[in-house]
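Topology and contacts: notes
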Amino acid sequence: MTTNDLANNPLLTTTGLPPFAEILPEHVVPAIQHRLQQAEEEFTQLEANVKPTWSATIEALDEMGKLFERAWGPVAHLQGVKNSPELRDAYEAVLGDMVTFGLKVKQSQPIYAAIKELKESDAWNSLDKAQHRIIDAQLLAAELAGISLEGKERKRFNEIANKLSQIATEFSNHVLDSTKAHSLKLTDTEEVAGIPESALQLAAQSYNQSEEKEEGIEATAEAGPWRFTLDIPSFSPFMQHCKSRELRKQMYHVYTTRASLGELDNTPLIDKILKLRLEKAKLLGYKNFAEVSLATKMAPSVAAVEEMFETLRSASWEPAQQEMKELQALAKENGETEELKHWDIAFWSERLREKKFDFTDEQLRPYFSLERVLDGLFSLVNRIFGITVHAADEKASLWHDDARYFTIDNEAGEQIAGFYLDPYSRPENKRGGAWMDDCLSRRKNTEGSLQLPVAYLVCNSTPPVGEKPSLMTFREVETLFHEFGHGLQHMLTTIDYADASGINGVEWDSVELASQFMENWCYHKPTLIGMTAHYETGEPLPDALFEKICAARTFRSASNMLRQLMLGMTDMTLYKQEKYDDSFSAFDVQKEVTEKTSILPMLPQDRFLCAFQHIFPGGYCAGYYSYKWAEVLSADAFSAFEEAGLDDEEAVATTGRRFRDTVLAMGGGQHPMEVFKDFRGREPNTGALLRHSGLLN
Ligand code: ZN
């Protein structure tokens, strides 16, 4: 590689927006290797000369991080939106070295010691609140990575980390293998009556691709054979629509006993994971693993989380009984003589939904063209936050013709941020789902210039076809608002340190506040109706359809709430234990929690925990509560606007500016509880979430 090649490598730019149109897979390896080599040298220097000052520690690390933001950030982004075998190979070729270098920085003893000394020195008092938060977060991260442990303890700590990572892989493999091991083959059209066309298509395709496929038989959606599996896209519609109780019962049974039998049994792994995490917690000086999880979160204590659980649970219990009675009554009306069982719930819920809300995604789509929805969204944020969004494609180099670039101005007309929008699905090279990611973080550079924040907003909406514009489902509209909420928190930040600006350094049980807050506006009538226009007739969304959308929002909300609480409470109870006796069983915990959170008792053979990926191999251990925690925050934040009067423009604008100056501005620069209190004038409570869920009388 010659110097000239490096000079022309688009991943090595140091200013402006990434030149996406020029970036090719062959640029990745030389650019990243160059940056790594440079960073290794600088880091060695830094460790050798480190002093307990802000500029010699955090700022110096940020200078290094800044170059990776420009070299590695676009590569990771293109992996998601313009994937190719060449790019994947290049990415994987350098990923290992990137991870190793990252760990080296995080686990550096000299840097840790210097930051700690800084915290204990007089210089600490001359730093601002955001700097304090950054330093505290760095020290805590290093401590949780075992940096203060020595000798035997350190050795054991590393052993535990290795074991946990092996067990996590084993656990996931068992779930995967046992999910694959079971399927149900049907050949009789009677047995699949009522199951939607799309699910039958999937089932026929699954048969054709399976080992069960017989010579000369080609399955079709109409004539079968159909093969239903335990994968959610197959399992869910089956449980919702298969009319045969017996077949539903069979499927339910295999689903809830996945990874619990024979060689694939995860029961001993659950035991090991719990014990190892507890041992790790104790080595770090905590009473239990739940405390370790909460150390980096907004929730102050296990007791606070449990208090939230209990408030939501007790408010949902009685309404959930009513919801069950309603299902039972509907079933009876339709000739079901027996009591409903676990495998009947999804089926009768769907019948009830059809009876109550007879609308489909397809009926709504014609009203939601992407252009109208964007106009509505941009005018909403103008009204509430005083910002103006401008189309600015000409200012950016883009990775695809569909991608766009926008800038955001403040009231004074100064640009404060930018964002890319990649709206349409492109199955050939773009990942599914929707996400917001940071392209550039807001930071004051050492020489004094300001780097403005830039975000990526990526969706997978239906692309335009011929004359027909992109028409969105209501869910896609909500998703766009959700991701835009994350984007606003990234872009409207006023913090000048990259480690705490925007979404950086925000505790993850509060990071969904801004995103879910924005979703609420999709249920505000003038906002929603205002962004609809039938693409052929120009008619706005009819009132009747709007009412149905709102009613559907609270459909079976008590039962859904209890289900989430069951998962969260089981998780927290398992991880708050301070010891595990030989008689301890995770299933006993699940059973006890189920008694409080489910109308139907836990079936003795239920081994759902053996496939609960979030909390055993996954990162949600003692963190599953976060879903509800963030919902409480976002509903409570939105209720400040409701109290001010959603149709009072001036009040909405005043409240909106306050939301902007607190939640959207402070990033990780202040504790999220303080940020929330600054906005709301008090601590969060569950009232608004219960009211929005239709669970407050
Ligand atoms: Zn989100």
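All values derive from a computational prediction rather than experimental measurement.

Quick word on the coordination of the zinc ion
Think of it this way: four donors in a tetrahedron around the metal ideally sit 109.5 degrees apart, and six in an octahedron ideally sit 90 or 180 degrees apart. Looking at the zinc ion, one finds its protein donor set to be His482 (NE2), His486 (NE2), Glu512 (OE) and Glu512 (OE), positioned 2.1 to 2.7 Å from the metal centre. Considering all four donor atoms around the zinc ion, the spread of angles at the metal, 52 to 141 degrees, places the coordination shape in the irregular class. Mapped onto the sequence, the donors of the zinc ion take the spacing H-x3-H-x25-E. Residue His482 and its partner His486 are both found in helix H17 (residues 474-491); the two are separated by four residues, about one turn of the helix.

Quick word on the domain arrangement of the chain
It is common to give the size of an interface as the accessible area that goes away when the parts come together. The domains assigned to the chain are domain 1 (3-127), domain 2 (182-257) and domain 3 (365-553 + 627-693). The gap between the C-alpha centroids of domain 2 and domain 3 is 39 Å.

So, the packing of aromatic side chains
Summed over all chains, the structure comprises 44 aromatic pairs. Consider the rings of Phe385 and Phe659, whose centres lie 6.0 Å apart with planes at 20 degrees: the pair is stacked. Highlighted residues: Phe385 in helix H16 (residues 370-385) and Phe659 in helix H24 (residues 649-666), separated in sequence by 274 residues. The same class applies to Phe385 as to Phe659, namely buried. Aromatic pair Trp399 and Tyr420: ring centres 5.2 Å apart, planes at 50 degrees, arrangement tilted. Pair noted here: Trp399 is in the loop between strand S3 (388-391) and strand S4 (404-409) and Tyr420 is in strand S5 (residues 415-424), with a separation of 21 residues, a long-range link. Its relative accessible area of 5% is what places Trp399 among the buried residues. Members of the aromatic cluster, each reached through a chain of ring pairs, are Phe385, Phe517, Trp521, Phe638, Phe641, Phe659 and Phe679. Arg258 extends its terminal NZ or CZ atom over the ring of Tyr255, reaching a point 4.0 Å from the ring centre. Positioned over the ring face of Phe608 is Arg563, at 5.2 Å from the centre of the ring.

What counts, and at which threshold
- One numbering rule holds for all chains: residues counted from 1, following each sequence as written.
- Side-chain atom pairs in this predicted model are given and counted only at pLDDT of 80 or more, local residue features only at pLDDT of at least 70, and totals for whole chains, interfaces and linings cover all residues.
- The side-chain values count all of the structure's non-hydrogen atoms but skip hydrogen atoms and water molecules.
- With water excluded from the atoms, a metal site may look incomplete; its donors are any N, O or S atoms within 2.8 Å, or within 3.2 Å for Na, K and Ca.
- Think of it this way: with four donors and all angles in the 85 to 135 degree range, the site is tetrahedral; with four or six donors, opposite ones beyond 155 degrees and the rest between 65 and 115, it is square planar or octahedral; otherwise it is irregular.
- A run of DSSP states H or I qualifies as a helix once it reaches four residues; a run of E qualifies as a strand once it reaches two. Both are numbered from the N-terminal end.
- The split into domains, and so the bounds of each, comes from an automatic or database assignment of domains.
- Here a Phe, Tyr or Trp ring, Trp counted by its six-membered ring, pairs with any other such ring whose centre lies within 6.5 Å, and the pair is stacked when the planes are under 30 degrees apart, edge-to-face when over 60, and tilted otherwise.
- Three exposure classes are used, based on accessible area relative to the maximum for each residue type with a 1.4 Å probe and protein chains only: buried under 20%, partly exposed in between, and exposed over 50%.
- Placement of a positive charge over a ring is assigned whenever Lys NZ or Arg CZ falls within 6 Å of the ring centre and within 35 degrees of the normal to the ring plane.

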